[in-house]
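# Analysis of the macromolecular model
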Amino acid sequence: MATVKKNNKKKIIIAVSVILVIAILGTVIGVVAAKNKKETVTLATIGTGNVNETVSATGTVESGTTKEYKVGSVATVKEVLVKTGDTVKAGDMLATFDTSTLESQISQMNDSYNKAKKSYQDSVSAQKDAKKQISEINNEIADLQATVQKLGGNNNLSDLLENSSSKSASSYAAQNPIINVSELITLIDSFSDDSEQSNKIIQIVMETISNEIANGNLSSEAINKAVENAILQAIKDGTIDSGSLNFTPEEITRQIENALSGIDWSGINSDIANSDAVELSSAQIRLISLYAQQQMLELQASDATVTAKKQIMETSKSALDTIKESSAELSAGWSAAFDGTVTECNIYPGEQTTLLTSGITIQNLNSMVINLSLGEYDVHKVKVGMPATISTAYGTYTGTVLSKAPIASGGSSGSLLDSVGSMAGISGLSSLTSSGAGVQVQVAIDNADENIIAGFDADVEIEVGDYNNITVVPIESIILEKTGTYVYLYNQDDKTVTKTLIETGAVSDSAYQVTSGLKPGDKIIATPSSDYTEDTFEVNVKSN
C-alpha cells in the first residue's frame, strides 16, 4: 500500500507540473477563430478616380495685410537683405538660411515615425489575433466549467477566489495565484513601445518559468534567477533589441522579479499533491488560469493600446511633416508675399533661428484679409499661395493663402472637434472652439469691395490639391474608429468578409484616397453596418 501511494503521489506531482506548464504557456499561444453567422450584404468594387481636396474653415475679416516671418526650427541666418522701413515688392528676397543641420533631424524623426508606424500596425494585428483567441478561450472555459460542475466543484471565479474553507489545492491556488497574468502582461508591455519586443519578453518569461517547474526547481529564488538570466542572454544574443527598450536590462529584470516574488511554487505543488480530489483540483486550477488568460486577451483586444500607439504614430508624423515643411521654406529663403513695407526686422547674419522671438514683418494696409485657425489634421495640407474661395452673406470672392504661422496657439494641445472632424472628413472644426489649439492662417481677399466689412465672419474653402487616377473608396464604405480606418474586404473563395485596416490620403465630400490596404478590383461591403460583432464572417452577397 505504501509503495502504491508513493507512486501515485509522484504521478500526481508530475501531472500537476504539466498542468502548470500548460496554464502558463497558454497565455501566449494563439488559437483559431470561431464560426460566424451569415449576413446579407451588397458589395462595391474598388476602382480609380479623382479627388479634389479642400480645407474649409470660418474666420474673421480684418483690414490690412500683415505677414510675420519666424521659425521654430534650428537653422543659421546667412543673409538679411532688408531693414525696417524698406519698401518691398512681391517676390523680393528678404533673408536666406543655412539648413544643413535640419537634414540629420529629419532623418532621425523619419526613423522614429517608421518605428511608431510599425508598432501601431503590429498592435492592430495583435488586437485582431486576440479577438480571435477570445472566442476559443470562451469555448474552453465553458467546457471546463461543465467538467468542474460534473465533478461536484464550484466553477464561479469570484467563489473560487473567495473560498477559504479548506486547504484544498483549488483554494490554495486561488489564494496564492500562480501568476497575475494580466498585470504581468501590462508590466512587460511597458518595457518597449515595440509590441514585437514586448511579445518576445513575454514568451521568454513564460517558457522559463514553465521549464523550471517541469524540472522540479520550485524555489522562488531559482525561478527568478532563471528568468533574469534568460532575459539578459536574449538581450546579449540580439533576440531582444536593447535599443527598443524603455528601461535598462537591470531595471527590467528587477521589475519582473518583484512581480514574481511572493509566489510559493513549492507550496502549490505540495498542496495539490496532497489533495484527495486531484482531478477536480487540477480542473479548477486550469479554470482559474483560463479566467486570467481571458482577462489578458480582453486587455489586448481592447482599443486602449491600439489608440495610444496610433496617437504616438500621428504625433511622430505631425512632427516630421512640420520639420520637413520648415526645412523646405528656409531652404528657399524668405521672400515678400506681397507689396508692402518692412515694419520690423529682428534677425542678423550668423544668428540661430531658435533664438528668434520675432523675425521680419511686412505690412500692406490697403487690403482685406481673413484670419483662420486650422487644426493639426488640416494645417499640413495648406501651403502659402494656394487659391481659396471666400463666401459671405453678400457674395463669393476669390483669394490666396498669404501666410501660415510656424506654431500652434489658442488653447490646449488638441481639440476633440478637430479630431472628430478629420475622421469624418470635415475640415476646420477646431476653429469653432477656443478649447482647441490651432495654427493661424491668413487668406488675402482679391478685389474686396464695400460688402467686405472688418469684424464679420466669412467662410473659406482652400483648394489643397487635385489628385487624379488614384485608388479611391466611397466614404459610406468605411468604418472610422479611434484605432484607424477600416473596410470589410470580401474573399471570393470562402465567401467571407474581413475587417481590414487601410491608410487614406486626400479626401473629398464623397471619397477617400487609399494609400495602402486596398487595390483596384478588390470588393468590399458597400455600406457596412455598425452592428457587426465579428471581424471575419460569412456573407450572402446581394445582387445589384
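As a reminder, the structure under discussion sits directly above these lines.
So, a few notes on the structure that sits alongside this text. All values derive from a computational prediction rather than experimental measurement. (Residues numbered from 1 in each chain as written. Predicted model: local features only at pLDDT ≥ 70, side-chain atom pairs only at ≥ 80, totals over all residues. Heavy atoms only, no water.)

## A word on the packing of aromatic side chains
To keep it simple, the criterion reads: The criterion for an aromatic pair is that two Phe, Tyr or Trp rings (for Trp, the six-membered ring) have centres within 6.5 Å, with stacked assigned to planes under 30 degrees apart, edge-to-face to planes over 60 apart and tilted to the rest. Per the convention used, a helix needs a DSSP run of H or I reaching at least four residues, while a strand needs a run of E reaching at least two, with both numbered from the N terminus. A 1.4 Å probe rolled over the protein chains alone gives each residue an accessible area, and that area as a share of the maximum for its type sets the label: buried under 20%, exposed over 50%, partly exposed in between.
Within the structure shown, the criterion is met by six aromatic pairs. Ring centres 5.5 Å apart and planes at 45° place the aromatic pair Y69 and W334 in the tilted group. Of this pair, Y69 sits in strand 3 (residues 47–69) while W334 sits in strand 7 (residues 334–335), and the two are 265 residues apart along the sequence. Take Y69 and W334: they sit in the same class, and that class is buried.

## Examining the environment of A511
To keep things clear, this is the line we draw: Any two residues whose heavy atoms approach within 4.5 Å at even a single point are treated as in contact.
For A511, the position within the fold is in strand 17 (residues 511–516). In sequence terms A511 and P474 are 37 residues apart; their C-alpha atoms lie 4.4 Å from each other. Setting aside residues up to four positions removed in sequence, A511 forms contacts with V472, V473, P474, I475 and A506.

## Description of the pairing of strand 3
Inclusion rule: The criterion for strand pairing is that DSSP finds at least two bridges linking the strands in question.
Bridge count for strand 3 against strand 13 (residues 457–474) is 13 bridges, and the pairing is antiparallel. Bridging across to strand 13, T58 finds its partner in D459. Bridge analysis of strand 3 against strand 9 (residues 360–374) gives nine bridges, and the strand direction is antiparallel. The residue of strand 9 that forms the bridge with E68 is T361.

## Re the sheet that holds strand 7
Strand order across the open sheet formed by three strands is 4-6-7, with antiparallel pairing between neighbours. Each edge of the sheet is formed by a strand with only one pairing partner; in this case those strands are strand 4 (76–80) and strand 7. Pairing analysis gives two bridges linking strand 6 (residues 93–98) to strand 7, with the strands arranged antiparallel. By the bridge assignment for strand 7, A95 is matched with W334.

## Some words on helix 2 (residues 100–150)
The condition that has to hold: The span one expects for a helix is its residue count, reduced by one, times 1.5 Å.
Here helix 2 spans 75 Å end to end across 51 residues, near enough to the 75 Å set by a 1.5 Å rise per residue. Just downstream of helix 2, G152 is the residue with a positive phi angle, here 90°.

## Description of the pattern of salt bridges
Our working definition: Whenever Lys or Arg places a side-chain nitrogen within 4 Å of a carboxyl oxygen from Asp or Glu, that contact is recorded as a salt bridge.
Following the criterion strictly, the structure yields 12 salt bridges and no others. Its salt-bridge partner being E538, residue K38 comes within 4.0 Å of it at the nearest N-O pair. Of this pair, K38 sits in the loop between helix 1 (2–25) and strand 1 (39–41) while E538 sits in strand 19 (residues 536–541); the two residues are 500 residues apart in sequence, bridging distant segments of the chain. Overall, K38 belongs to the partly exposed group, its relative accessible area being 49%. Residue classification places E538 among the partly exposed positions, given a relative accessible area of 35%.

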